[in-house]
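These are the residues of each chain, in order.
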Amino acid sequence: MQFKTKMIPLAGAIAFAFAGAASAQEQVVKIGHVGPISGAIAHLGKDNENGARMAIDELNAKGVTIGGKKVKFELLAEDDGADPKQGTAAAQKLVDAKVNGVIGHLNSGTTIPASKIYHDAGIPQISPSATNPKYTQQGFKGAFRVVANDGQLGGTLGRYSAEKLGAKSVAVIDDRTAYGQGVAEEFIKGAKSKGVQVVAQQYTNDKATDFNAILTAIKAKNPDVVFFGGMDAVAGPMLRQMKALGINAKFMGGDGICSEQLAKLAGDAMGDGQVVCAEAGGVEEAQKKGMEDFRAAFKKKFNADVQIYAPYVYDAVMVMVEAMKKANSAEPAKYLPELAKINYKGVTGNIAFDAKGDIKDGTLTLYTYKGGQRQQLAVTK
């Protein structure tokens, strides 16, 4: 009996030793994601988060090794409510959790202030959707984006208003956020370059619901196009009030309004072909099958359609992990140089970054809506 009693702790010690050896062979890599999971554009934030979750689940199912060790990826998801203050608090929380990298934020207004916190902590950040040029103009070596910026997006829409819609005059509204103001300014530049007259500039905010005063002022100017720099949660009610006031102008906007949800938010106020918007990304012919497959897999997994940016979030996660694999390390300082020179074929197309961290040769997709459904008009660069 005495011999047996002594052997029990010894057996336990051996078991623990084996368990310790096994866990030593597996490393946990934490990837942060931040988007608005609460508030008016929570549907877009959840879409982004699901894109990240899909990538993480696939990576864990594959069994990735980095530097000879098997990796378990953990997604640390935070809600910034599309609010800059909440965004910086979320960023600090991820820094304190010692994440290996961050995917996010969704809005330019949260991405830009948060980027300083990640930069100071030496943590790479890839935004899947922030389009304001200022984000990558701060000189932060760890700041990247996988979509075209407002210069490309707004400028293309401004030129399109003249060349394809035949607009002679436009009215511009923005929601005073970093994104809304930035895309509106670039739209104006693009429109003016084609001789279009800007007959009115009005301002609202990203939580407004009553636009009668600014729309009444715009109606008096009788523009061919009304451009809105902002998000779909505001654009939907704005379209309803435009219809109520008898404004029949075309309605244009950037990626913030270019969602599947817009038709529901606008209801019967949206005429067929009335809305033209652009997504800061898009796949050319060779990539269409891959994107269709992604959308089908996403629908099956989450029982929800892709809104806008889930594929870009998915690719951003995959690009970050690819850089870690190439560097044989998940340490930010070690994989950052590989991330800067990455060349990766993703669901959304080829991903490589310029010296600022902007995507090279970013594509744009132009859409309209017919019968309440979003329809592609063209893919352009």
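Structure: above.
All values derive from a computational prediction rather than experimental measurement.

Definitions and cut-offs
Residues numbered from 1 in each chain as written. Predicted model: local features only at pLDDT ≥ 70, side-chain atom pairs only at ≥ 80, totals over all residues. Heavy atoms only, no water. Pairing = 2+ DSSP bridges. Helix = DSSP H or I, 4+ residues; strand = E, 2+ residues; numbered from the N terminus. Axes fitted to C-alpha atoms, helices over the stretch in contact; angles between N-to-C directions. Contact = heavy atoms within 4.5 Å. Right-handed = clockwise from strand over helix to strand, strands pointing away.

### Regarding the sheet that holds strand β11 (residues 275–279)
Reasoning step 1: With mixed pairing, seven strands are arranged side by side in an open sheet as β8-β7-β9-β10-β11-β14-β15. Both edges of this open sheet fall to β8 (197–203) and β15 (373–380), since each of them pairs with a single strand only. Taking the axes of each pair of neighbouring strands and ignoring which way they run, one obtains an average angle of 25° across the sheet.
Reasoning step 2: Pairing of strand β7 (residues 169–174) with β8 involves six bridges; the strand directions are parallel. Its bridge partner being in β8, Ile173 is matched across the sheet by Gln202.
Reasoning step 3: Relative to the sheet, helix α6 (residues 178–192) contacts β7, β8, β9 (225–229) and β10 (250–253), its axis offset from that of β7 by approximately 165°.
Reasoning step 4: Contacts between helix α7 (residues 212–219) and the sheet are confined to β7, β8 and β9, with β8 contributing the most and set at about 170° to the helix.

### Describing the pairing of β10
Reasoning step 1: Looking at chain direction, β9 and β10 are connected through four bridges and run parallel. Residue pairing across strands places Val225 opposite Lys250, the latter belonging to β10.
Reasoning step 2: Between β9 and its parallel partner β10, the chain crosses via helix α8 (residues 232–244), and the hand of that crossover is right-handed.
Reasoning step 3: Relative to β11, β10 is paired through three bridges, and the arrangement is parallel. Pairing of Phe251 across the sheet is with Val275, part of β11.

### Quick word on the environment of Glu285
Reasoning step 1: By the secondary structure assignment, Glu285 is in the loop between β11 and α10 (288–302).
Reasoning step 2: In this structure the C-alpha to C-alpha distance between Glu285 and Ala352, which are 67 residues apart in sequence, comes to 19 Å.

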